[in-house]
Amino acid sequence: MKIAVLSRNRHLYSTRRLVEEGLNRGHEVQVIDCLHCSMNITSADPRISYHEEYLEGFDVVVPRIGASVTFYGTAVLRQFEMMGVFPVNESVAITRARDKLRSLQLLARKGLGMPVTGFANKPDNVPELLKMVGGAPVVIKLLQGTQGIGVVLAETRKAAESVIEAFMGLKADILVQEFIKEAGGADIRCFVLGDKVIAAMKRQGAEGEFRSNLHRGGSASLVRITPEERKTAIMAAKAMGLNVAGVDLLRSSRGPLVMEVNSSPGLEGIENATGKNVAGMIINWTEKNHKPWKTRTRGRG
Ligand SMILES: Nc1ncnc2c1ncn2[C@@H]1O[C@H](COP(=O)(O)OP(=O)(O)O)[C@@H](O)[C@H]1O
Ligand SMILES: [Mg+2]
């Protein structure tokens, strides 16, 4: 196969591993920075030029689009799709996953368990919003946040109101969520590939921290997941239309709850925690599943 890895930085762990495993299996691999791509939008012969050359002959594109370049990155990916190149994750699915509210709505529609979540636009809805999610304690999240930044636990109604009003005063988009105390500061990252969970790890927050993010001092370890957790993770990835997904679950007293579905899950944490060759498995899966013009949506919304 001729593989394009759509990534802004060839030195990132995940990018390096995908390139390495592609080459190991005898493929041709090129890392492409989406911000250096220019495109002609035409129905007859869509093309991408890159450093003054046309990109040609690719069979597969592996998107590793960072949150800060979602808009342009997905446009470039869509152009690959219009050229018939097989995307490991489709542009439409990535766009869905990048919108936290849209994701939660899609998951809810499929009947998947998730923490009760509220969203509102105006500060005069604050008491109502809190009531909707069952009252304090609640978790308040900035929609744009990643790596645990902008995720706040408000233990009392007063604290919750202050934090919500402060965020709203800054015109930040937020959601308010039921706090799942029994998760004990831990979550489960299920790495989904196709219709299987190929690796799973438990992330435990540092002492006294309810956020399990590794960037916030959490630690990761290998975990055995239950059949219900496995099924939930697979259904969540499917609901989003993702072939590769990092599905984050909270273990609650009413079963697994989906917290997030990540369309560009990092490989470093999961490969280190599980000892599995996740990058190699992605390349293997792609060998078996890639076909030209196979995009379900062809970039259609
Ligand atoms: N509703 C919740 N109940 C309990 N813990 C939560 C809840 N929401 C988030 N957390 C904890 O906070 C962490 C960060 O939240 P998350 O929504 O994943 O934000 P980010 O996108 O910044 O990683 C999670 O990994 C989890 O450990
Ligand atoms: Mg997270």
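Everything quoted here is computed from the prediction, not taken from an experiment. Residue indices follow the written sequence of each chain, beginning from 1 at its first position. Just so you know, chain letters begin at A and ligand numbers begin at 1, following the order they were written in. Local features in this predicted model are restricted to residues whose pLDDT is 70 or higher, and side-chain atom pairs enter the listing and the counts only when it is 80 or higher, whereas totals over whole chains, interfaces and linings include all residues. Calculated side-chain values reflect all of the structure's heavy atoms, with hydrogen atoms and water omitted.

1. As for the sheet that holds strand 7 (residues 86–87)
Next, step 1: Two strands pair if DSSP finds at least two bridges between them. The way it works is that DSSP assigns letters per residue, a run of H or I at least four long becomes a helix, a run of E at least two long becomes a strand, and they are numbered from the N terminus. Pairing within the open sheet is parallel, and its four strands lie in the order 2-1-6-7. At either margin of the open sheet sits one strand with a lone partner, and together these are strand 2 (28–32) and strand 7.
Next, step 2: The pairing of strand 1 (residues 2–6) with strand 6 (residues 60–63) spans four bridges and is classified as parallel. What sits directly across from Ala4, in strand 6, is Val61.
Next, step 3: Along the sheet, helix 2 (residues 70–82) makes contact with strand 1, strand 2, strand 6 and strand 7, crossing strand 1 at roughly 165 degrees. The contact criterion used throughout is that any non-hydrogen atoms of two residues lie within 4.5 Å. Where helices are involved, their axes are fitted lines through C-alpha atoms of the stretch in contact, as for all axes, and angles between N-to-C directions lie from 0 to 180°.

2. Some words on the pairing of strand 9 (residues 138–142)
The side chains of a regular strand alternate, first on one face of the sheet and then on the other.
Next, step 1: With respect to burial, strand 9 is a largely interior element, four of its five residues being buried.
Next, step 2: Two strands pair when backbone bridges link them, and strand 9 and strand 10 (residues 151–154) are joined in this way by four bridges, in the antiparallel orientation. Considered in strand 10, the bridge of Lys141 is made with Val151.
Next, step 3: Inspection of the sheet shows strand 9 paired to strand 11 (residues 174–178) by five bridges, in the antiparallel sense. Note that in strand 11 the partner of Lys141 across the bridge is Leu175. To sort residues, take the accessible area from a 1.4 Å probe on protein chains only and compare it with the maximum for the residue type: under 20% means buried, over 50% means exposed, and anything in between is partly exposed.

3. Overview of the nonpolar core
Next, step 1: What we call a nonpolar core is a set of buried Ala, Val, Leu, Ile, Met, Phe, Trp, Tyr and Cys residues that are connected through their side-chain atoms within 4.5 Å. Leu107, Val247, Val258 and Val261 are the most contacted members of the largest nonpolar core, which totals 28 residues.
Next, step 2: Of all the secondary structure elements, the ones that give two or more residues to this core are helix 3 (91–98), helix 4 (100–109), strand 12 (186–193), strand 13 (196–204), helix 7 (227–240), strand 15 (244–252) and strand 16 (255–262).
Next, step 3: Among the elements that line this core, the one with the most residues is helix 7, at five residues.
Next, step 4: With near-sequence residues (within four places) excluded, Val261 lies in contact with Ala97, Leu107, Ala236, Met240, Leu242, Ala245, Gly246 and Val247.
Next, step 5: Counting 25 residues, the second largest nonpolar core, distinct from the first, contains Ile3, Val5, Ile198 and Ile270.

4. Structural notes on the domain arrangement of the protein
Next, step 1: Where each domain starts and ends follows an automatic or database-derived domain assignment. Here the domain parsing of the protein yields domain 1 (2–92), domain 2 (96–113 + 182–286) and domain 3 (117–179).
Next, step 2: Taking only C-alpha atoms into account, the centre of domain 1 sits 37 Å from that of domain 3.

5. A closer look at the UniProt feature "binding site: Mn(2+) 2" (unreviewed entry) in the protein
Next, step 1: UniProt positions are given in the numbering used here, feature names are shortened, and annotations may be inferred rather than shown by experiment. Per the UniProt record, "binding site: Mn(2+) 2" (unreviewed entry) is annotated on Glu260 and Asn262.
Next, step 2: Within the secondary structure layout, Glu260 lies in strand 16.
Next, step 3: By relative accessible area, Glu260 is classed as partly exposed at 35%.
Next, step 4: Ignoring anything within four residues of it in the chain, the contact list for Glu260 reads Lys100, Gly246, Val247 and Asp248.

6. Concerning the site of ligand 1
Next, step 1: Of all residues adjacent to ligand 1, which total 20 residues, the nearest are Lys141, Gly148, Glu178, Asn213 and Glu260.
Next, step 2: Here a polar contact is taken to be a pair of N or O atoms separated by no more than 3.5 Å, where protein atoms must pair a possible hydrogen donor with a possible acceptor and residues adjacent in sequence count only if both atoms sit in side chains. Between ligand 1 and Gln177 there is a distance of 3.1 Å, counted from a nitrogen atom to a side-chain nitrogen or oxygen.
Next, step 3: Of all the secondary structure elements, the ones that give two or more residues to the shell around ligand 1 are strand 9, strand 11 and strand 16.
Next, step 4: When residue character is reported, Ala, Val, Leu, Ile, Met, Phe, Trp, Tyr, Cys and Pro are called nonpolar, Asp, Glu, Lys and Arg charged, and the others, Gly included, polar. The residue makeup of the shell around ligand 1, split by class, is seven nonpolar, seven polar and six charged. A single heavy atom is enough: if one lies within 4 Å of a molecule or strand, its residue is considered near that molecule or strand.

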